[in-house]
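# Structural features, examined
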Amino acid sequence: MSKTTLKVAIATATVALAVSPAAAQKTLNAVTALQTNNAMSQSFLTTFVAPLNKKAAGKIQINYVGGQEVVPPRKSANALKRGQFDMLHAPTAYYIGTVPEGYAMLGSNRGPKAIRKNGGFKILQDIYAKKAGAHLLAWGESMTSYHMYLAKMPKMKDGLPDLTGMKMRATGTYRPLFRALGATTVNIKSSEVINAIQRGTVDGFGFTDQPASVGMQEVIKYRVVPNFYQTNTVVTINLDTWKAMSAEQQKMLTDVGIEYETASVLWTEGVRAEDERKLKAAGAKDIVLSDDAAKRYLEIAHGEIWKELAKRSDNAEKLRPLLYAPGNPEFQVDRKELGARHRN
């Protein structure tokens, strides 16, 4: 074999290796900001990670590293930006200091399908890229909502819970509402809530409509009805990692992400129904607000969120009409299919 022929052969082999499926596979290390056993984390693993690994076999592989034991939740967004791992599944409450626009999803009554169509999602993607150094891939579990949970009966004022003198565990998700109702808010990890209630460190907390997924039904005495907000849990990818992927890999992630936005809603509804049974079996009682009080309660909840966003971001007025339409919700899945749970 001549030297020229040998060089051509080596070059051909090198190109073949470069484009082979094994060489092209991209492994993404993923972390959840919530506990691994939290229903939100399980939804991500079940309705996004598992389908993606199956559909993108040989192209993309997601390696789940873990939850709060990997990095403290409030440091997870910065850890993603630094490239400590590639993908993060987290409530935007843990991004609020960096991306206050996450409040827009929390205070929204439109789902990801609607805001992808009206341009709201693209605006949020641009914001996440600029402020968080991350590509906003998907908004999952969007019809999971929140409740106020209490270890003791609150005083009532004008038909609403009066939290004056009460200590409530809260992240940025719940803080505006709880403070508007008079509470002192305490910042602790969700994994510490049960002990905090038992020790009397806090009198209550805000959480999704699936508290039994992490055993919280054992310390809940009262739940305030109605539920409020939509969960603002998003999947983000380190921006450098995203840009380094091929167009084919990006499309695979985007397509599965869009499927996950609906699949996760249906999956978490099954968890919510089971949680409801466990909560009632544990003896929790509902504090059901009257129609008038419920309306005012939800107006306070949404109003405080949008007010907080307006204080922190010049994008508030641009986002509000795209994500929030009072009296005209566009949820990800028809409410009748999920038992018409949402009143907002």
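A short tour of the structure in this document, coming up. (Residues numbered from 1 in each chain as written. Predicted model: local features only at pLDDT ≥ 70, side-chain atom pairs only at ≥ 80, totals over all residues. Heavy atoms only, no water.)

## Structural notes on the pairing of strand 3 (residues 87-91)
Rule in force here: Burial classification: accessible surface area is computed with a 1.4 Å probe over protein chains only, and a residue below 20% of its type maximum counts as buried, one above 50% as exposed, and the rest as partly exposed. Counting from the N terminus, the helices are the DSSP runs of H or I reaching at least four residues and the strands are the DSSP runs of E reaching at least two. When DSSP finds two or more bridges between two strands, those strands count as paired.
In terms of residue burial, strand 3 counts as a mostly covered element, since five of its five residues are buried. Residues M87, H89 and P91 line one face of strand 3 and the alternating positions L88 and A90 line the opposite face, and both faces are buried. Where strand 1 (residues 26-32) and strand 3 come together, three bridges link them in parallel fashion. In the strand pairing of strand 3, T32 is matched with H89. Note: strand 3 against strand 12 (residues 233-238), five bridges, orientation antiparallel. When the bridges of strand 12 are listed, A90 appears paired with V234.

## Describing the pattern of salt bridges
Heads up, the condition is: Salt bridges are identified by distance alone: a Lys or Arg side-chain nitrogen within 4 Å of an Asp or Glu carboxyl oxygen.
Counted under the stated rule, the structure contains 18 salt bridges. One salt bridge connects R312 with E308, and the closest N-O pair in it is separated by 3.1 Å. Of this pair, R312 and E308 both sit in helix 12 (residues 291-312), separated by four residues, roughly a single helical turn. With relative accessibility at 39%, the residue R312 sits in the partly exposed group. One salt-bridge network, held together by shared partners, links R223, E269, R272, E276, K280 and D286.

## Observations concerning the sheet that holds strand 10 (residues 204-208)
Counted only if it meets this: Inter-axis angles, ranging from 0 to 180 degrees, are taken between N-to-C directions of lines fitted to C-alpha atoms, where helices are fitted over the stretch in contact. Whether two residues are in contact is decided by their heavy atoms, any of which lying within 4.5 Å being enough.
An order of 9-8-10-5-11-13 is seen for the six strands of this open sheet, with the pairing classed as mixed. The open sheet is flanked by strand 9 (184-186) and strand 13 (285-288), the only strands paired with a single partner. Shown here is a sheet whose adjacent strand axes are inclined to one another by a mean of 30°, direction ignored. Of the strand pairs in this sheet, strand 8 (residues 167-169) and strand 10 are connected by two bridges, and their pairing is parallel. Paired with R169 across the bridge in strand 10 is F205. Sitting on the sheet, helix 12 touches strand 5 (146-150) and strand 11 (222-228), and the angle it makes with strand 11 is about 70°.

## Observations concerning the packing of aromatic side chains
Test applied: Each Phe, Tyr or Trp ring (for Trp, its six-membered ring) is paired with any other whose centre lies within 6.5 Å, and the angle between the two planes then decides the class: stacked below 30 degrees, edge-to-face above 60, tilted in between. Placement of a positive charge over a ring is assigned whenever Lys NZ or Arg CZ falls within 6 Å of the ring centre and within 35 degrees of the normal to the ring plane.
This model, assessed by the stated rule, comprises 12 aromatic pairs. Look at F44 and F48: their rings are 5.6 Å apart centre to centre, the planes differ by 15°, and that puts the pair in the stacked class. Taken together, the residues F44 and F48, both in helix 3 (residues 39-55) and four residues apart, mark about one turn of the helix. Taken as a pair, F44 and F48 share a single burial class, namely buried. Both rings, one in Y146 and one in Y174, keep their centres 5.3 Å apart while their planes meet at 80°; by these two values the pair is edge-to-face. Here Y146, found in strand 5, pairs with Y174, found in the loop between strand 8 and helix 8 (175-180); they are 28 residues apart in sequence, far enough to count as distant. Judged by relative accessible area, which is 3%, Y146 ranks as buried. You can call Y174 buried: its relative accessible area is 5%. Ring-pair connections join several aromatic residues into one group, and the members of that group are Y146, Y174, F178, F228, Y229 and Y297. For R116, the ring lying beneath its charged end belongs to F121, and the centroid distance is 4.0 Å.

It is worth stressing that arrangement in space is one thing and function is another; only the former is reported here.
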